[in-house]
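Listed here are the chains, written in short residue letters.
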Amino acid sequence: MQLFYSTDLTEQASTYSFSKEESKHIHKVLRKSEGDRLHVTNGKGLLCKGSITFANAQRCDILIEETHLTPPKPYRLHMVVAPVKMNDRFEWFLEKATEIGVDEITPILCDHSERKVIKPERYEKILQSAMKQSQQTFLPKLNKLIPFSEFLKQEQKGILCLAHCEDGQKQNLKTLVDPEQEVTILIGPEGDFSPDEIQKALDHKFQPITLGATRLRTETAAIAAVHSVAFINS
């Protein structure tokens, strides 16, 4: 199905008009015309199916014929990840994490972080595109970039996991997490969390975890964690 995204779509809507940009894409690129069916989500679980009643390069309208409310996943995953130096690698993480299944993403600024600036507007577009491509109706929440110390001051619920490369006793993620739980996972930058950051996370009840026998890049570790939680809940 061809899925579109609109924040102002409501369950009560009987018709919907696409923006000028989307209308041009529908008419010129997808070559859709009157009578063709389209699907629209608001990123909060609502899916509307309708038929085009008017279409040109300036405007496209649909008559909404079916409305569905998709139930949320039985688990909730919050990924807290330090953006990496190569921005395209972090964008790859955002895309793939959305496709696999993540509810919230918080970029963090750590002691060893090399990237200290992000592009939230571009990141939002990547999340939206990945949601539509994977035909989901829930858009992950993207938080602003904050210092790691500020994140630790926020109240966290559920299973709290810390992935780091230092030696020490760690639990395997699959033994720590059970299905249908709320999970928060911390992933550090290329240089890993500093010893001070690790200790502060432990003081805030985060439990050290391992994601396997090999040392992974930040974005690889983050995707491995997302997939592991999804697999546990499959």
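Everything discussed here concerns the structure shown above.
Notes on the structure follow.

Re the overall build of the protein chain
Regarding its fold elements, the protein chain presents 7 helices and 13 strands. The C-alpha extent of the protein chain, read off along each of the three principal axes, is 65 × 35 × 30 Å. The proportion of buried residues among the 234 residues of the protein chain is 45%. If you take every contact in the protein chain between residues at least 6 apart in sequence, the share linking residues at least 24 apart comes to 73%. Accessible surface, the protein chain: about 12,400 Å² in total, of which carbon and sulfur atoms supply 48%. Looking at charge distribution, the protein chain has the averaged site of its 30 positive side-chain charges lying 4 Å from that of its 32 negative ones.

Describing the packing of aromatic side chains
One pass over the structure, following the stated rule, counts 6 aromatic pairs. Between Phe-90 and Tyr-123, the ring centres sit 5.5 Å apart and the planes meet at 45°, which makes this aromatic pair tilted. Placement of the pair is Phe-90 in helix H2 (residues 87-100) and Tyr-123 in helix H3 (residues 120-133), with a sequence separation of 33 residues. A relative accessible area of 1% means that Phe-90 is categorised as buried.

Overview of the sheet that holds strand S5 (residues 60-69)
Spatially, the 5 strands line up as an open sheet ordered S1-S3-S4-S5-S2, and their pairing is mixed. Single-partner strands in this sheet number two, and they are strand S1 (3-5) and strand S2 (15-17). Adjacent strand axes in the sheet meet at a mean angle of 40°, parallel and antiparallel pairs treated alike. In this sheet, strand S3 (residues 37-41) lies alongside S1 in parallel orientation, the contact comprising 3 bridges. Its bridge partner lying in S3, Leu-3 is registered against His-39. Its contacts with the sheet place helix H1 (residues 20-29) against S1, S2, S3, strand S4 (46-55) and S5, and it is angled at close to 165° to S1. Contacts from H3 reach S1 and S3 within the one sheet, and its direction differs from that of S1 by about 150°.

Concerning H2
If you check H2, its first and last C-alpha atoms are 20 Å apart, about what 14 residues at 1.5 Å a residue would give, namely 20 Å. Residues of H2 that are buried: Asn-87, Phe-90, Glu-91, Phe-93, Leu-94, Ala-97 and Thr-98. The buried residues of H2 all sit within an arc of 150° when viewed along its axis, so they share a single face. Close packing links the buried residues of H2 with strand S6 (76-81), strand S7 (104-109), H3 and helix H7 (218-232). Phi for Gly-101, located one or two positions after H2, is positive at around 135°.

As for the pattern of salt bridges
Applying the stated criterion across every chain yields a total of 13 salt bridges. A salt bridge links Arg-76 to Glu-182, with the shortest nitrogen-to-oxygen separation between them at 4.0 Å. Of this pair, Arg-76 sits in strand S6 while Glu-182 sits in strand S12 (residues 182-187), placing them 106 residues apart in sequence. Taking relative accessible area as the criterion, Arg-76 reaches 30% and is therefore assigned partly exposed.

Concerning a positive patch on the surface
The grouping of Lys-20, Lys-24, Lys-28 and Arg-31 at the surface amounts to a positive patch. The residue Lys-28 is located in helix H1 in this model.

Re the packing of H2 against H3
For the pair H2 and H3, interaxial distance at closest approach is 8 Å and the crossing angle is 35°. For the pair H2 and H3, the sense of crossing is right-handed. On H3, the residues touching Asn-87, Phe-90, Glu-91, Leu-94, Glu-95, Thr-98 and Glu-99 of H2 are Arg-122, Tyr-123, Ile-126, Leu-127, Ala-130, Met-131 and Gln-133. Tallied by class, the residues present in the contact of H2 with H3 amount to 7 nonpolar, 3 polar and 4 charged.

Overview of the nonpolar core
The biggest cluster of nonpolar side chains holds 37 residues, and the ones touching the most others in it are Leu-77, Met-79, Phe-93, Cys-161 and Ile-185. Looking at this core, the elements that each hand over two or more residues are S6, H2, H3, strand S10 (159-163), helix H5 (173-176), S12 and H7. With 8 residues, the top contributor of residues to this core is H7. Those residues within four positions of Cys-161 in sequence are excluded, and the remaining contacts are Leu-173, Leu-176, Val-177, Val-183, Thr-184, Ile-185, Leu-186, Phe-206, Gln-207 and Ile-209.

Rules used throughout
- Residues numbered from 1 in each chain as written.
- Predicted model: local features only at pLDDT ≥ 70, side-chain atom pairs only at ≥ 80, totals over all residues.
- Heavy atoms only, no water.
- Helix = DSSP H or I, 4+ residues; strand = E, 2+ residues; numbered from the N terminus.
- Buried < 20%, exposed > 50% of the residue type's maximum accessible area, 1.4 Å probe, protein only.
- Contact = heavy atoms within 4.5 Å.
- Areas by Shrake-Rupley, 256 points an atom, 1.4 Å probe, with all protein chains shown as cover.
- Lys, Arg positive; Asp, Glu negative; His and termini not counted.
- Charge placed at Lys NZ, Arg CZ, Asp CG, Glu CD.
- Phe/Tyr/Trp six-rings, centres within 6.5 Å; stacked < 30°, edge-to-face > 60°.
- Pairing = 2+ DSSP bridges.
- Axes fitted to C-alpha atoms, helices over the stretch in contact; angles between N-to-C directions.
- Expected span 1.5 Å × (residues − 1).
- Arc of directions from axis to C-beta.
- Salt bridge = Lys/Arg side-chain N within 4 Å of Asp/Glu carboxyl O.
- Patch = residues over 30% accessible without salt bridge, like charges linked within 9 Å, V, L, I, M, F, W, Y side chains within 5 Å.
- Left-handed = near helix turned anticlockwise from the far one by under 90°.
- Nonpolar A, V, L, I, M, F, W, Y, C, P; charged D, E, K, R; others polar.
- Core = buried A, V, L, I, M, F, W, Y, C linked by side-chain atoms within 4.5 Å.

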